[in-house]
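# Residue-level structure breakdown
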Amino acid sequence: MNPTVTNATNPDSKPTQFILPDLVKDCHYPLRQNPHRDAVSRASDQWLVDVAQLVEPEIRGYLDMDTGAFAAACYPDADAFHLQVCTEFFNWIFIIDDWMECGVVNVQKEHEFCMLALQDPINFDTEQVGAKMCKSIFSRFRETAGPGCTERFMHGIELFFIAVAKQVDDRAKGNMYDLPSYIALRRELVAMKLCFPFIEFVAGIDLPDEVVSHPVVMALEEATNDHVAWVNDILSYNKEQSRGSAPWENIIAVLMHDRGLDLQGAIDYAGQMCADAIQRFEFQRAILPSWDEEVDRQVAIYVEGMQNWMVGSLHWHLGSIRFSGEDGHALKQDRIVKLLPTTTRPL
C-alpha cells in the first residue's frame, strides 16, 4: 500500500511533508557490506582527530555521519588498507566541501594546496589542514594505484574544485540555474569523478585508456553519477530547505522553479530521474563491447563497482543522520518526510 500525505487544502499554504519515491525498490541491486567496516571506522575516527584536527562540537557531526559505513557499502570487496584510504577520502571530501561552502577556507587556495599535495605527497610539507589531509590520503593511494587510475583521480580533483569555484561565484552573484545548467554543474559537484578511480584502486586494476574513453563506459559512469547525485539531492532537500538559503543548489528547488512544479511534483520528477538513470545503466551494460579476456575481467569489476556505488550510496543516505536524521529506518518503511522548520542559522 502506498503512503499518503495529507496537507491543508488552502492552495496558498505551504506543504508540511512529502512522500519519497520508492528509491529502494527502483534500485534493485544487492546491498553488500565490507567485513572490515568496524575496524576501519574506528581507525578513521582517530584520523579525524590526528590529521583533520577536528574537536568537539565540529567533529561530532562527522563521527555520527559514519563514513566508514559509506565506504564499506560502496567498496564491499576492499581489503582493510584500501577501505581505510577510501573512508578517509570520504572524510576529506565532506569536510572540505563543508568548509568551502561556509567560507571557512578559500576555494582557490584550497585547490592549489591540494594539487601540490597530490603531485608530490611524499615531499610536500604544509601546515594547511586541508592539504595535510590530502597528503595523508594520496601518499597511500599512490602506493598501489596504477598510472591511469592516478591520472584520472587528479583530473577529477581539478574538475571538482573548478565546479565548486563556479558554485561559490554563482551564489555570490545570486545566479539561478535552469535544469540543464544545474545538471551540468551537479555532475561535477557530486565528485563521482574522484570516486570512480577508487573502484580501480581497491581492485588493483588500471583500465586502459581505450576502455575509459569508450562511449558505453562513459555512459555507464554518467548514469551512475546521475543516480548518486539525484538521490543525494532528494534526501538532502529537507535539511537544505530548512536553512533558508542557497535555494538553487538542489535539483528539487530547480525543478520547482524551472518546470513550475509543486514540492511533491518535483520530488516525484527527481525520483523518476533516479529510475531513468538505472534504466540507462542497464541498457549500456547490455551493449558493452568486448576487448580481450583480461581487460574484460577488469571492466566487469569496474561495472560492478559502479553498481555497488548506486545501491551502497542510496542505503547509506537513507540511514545517515546527516541526511535522514534519527528516523532513517522509519523513512525506509513509510517514506514520509516531515519538513523541518526554516532557520537561517549555520550548520
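The rules behind the values
- Residues numbered from 1 in each chain as written.
- Predicted model: local features only at pLDDT ≥ 70, side-chain atom pairs only at ≥ 80, totals over all residues.
- Heavy atoms only, no water.
- Core = buried A, V, L, I, M, F, W, Y, C linked by side-chain atoms within 4.5 Å.
- Buried < 20%, exposed > 50% of the residue type's maximum accessible area, 1.4 Å probe, protein only.
- Helix = DSSP H or I, 4+ residues; strand = E, 2+ residues; numbered from the N terminus.
- Contact = heavy atoms within 4.5 Å.
- Arc of directions from axis to C-beta.
- Lys, Arg positive; Asp, Glu negative; His and termini not counted.
- Salt bridge = Lys/Arg side-chain N within 4 Å of Asp/Glu carboxyl O.
- Disulfide = S-S within 2.5 Å.

## Some remarks on the nonpolar core
Ranked by size, the top nonpolar core spans 111 residues in total, and within it Tyr75, Trp92 and Trp309 carry the most contacts. When residues in this core are grouped by element, the largest group, 12 residues, is from helix α5 (residues 80–101). Contact partners of Trp309, with chain neighbours within four places excluded, come to Phe70, Cys74, Tyr75, Phe90, Met192, Cys195, Ile199, Thr224 and Val228.

## Concerning helix α3 (residues 58–65)
All of the buried residues in α3 are Ile59, Tyr62 and Met65. Mapping the buried residues of α3 onto a view down its axis gives an arc of 125°, with all of them on the same face.

## Notes on the side chain of Glu110
By the element assignment, Glu110 lies in helix α6 (residues 107–119). Buried charge Glu110 goes without a salt bridge, the closest partner of opposite sign being Lys109 at 10 Å. Contact partners of Glu110, with chain neighbours within four places excluded, come to Ile96, Val105, Gln128, Gly130, Ala131 and Phe161.

## Points about the environment of His36
Tracing the sequence through the fold places His36 in the loop between α1 (23–26) and α2 (37–50). Once the C-alpha coordinates of His36 and Gly68 are considered, the two residues, 32 residues apart in sequence, prove to be 9.3 Å apart. Those residues within four positions of His36 in sequence are excluded, and the remaining contacts are Ala78, Asp79, Ala80 and Leu83.

## Section: the state of the cysteines
Scanning all chains against the criterion turns up 0 disulfides. Cys27 forms no disulfide, and the closest cysteine sulfur to it belongs to Cys274, at a distance of 9.1 Å. Cys114 supplies the cysteine sulfur nearest to Cys102, a cysteine that is in no disulfide, at a spacing of 17 Å.

Keep in mind that these numbers describe shape and distance, not what the molecule does.
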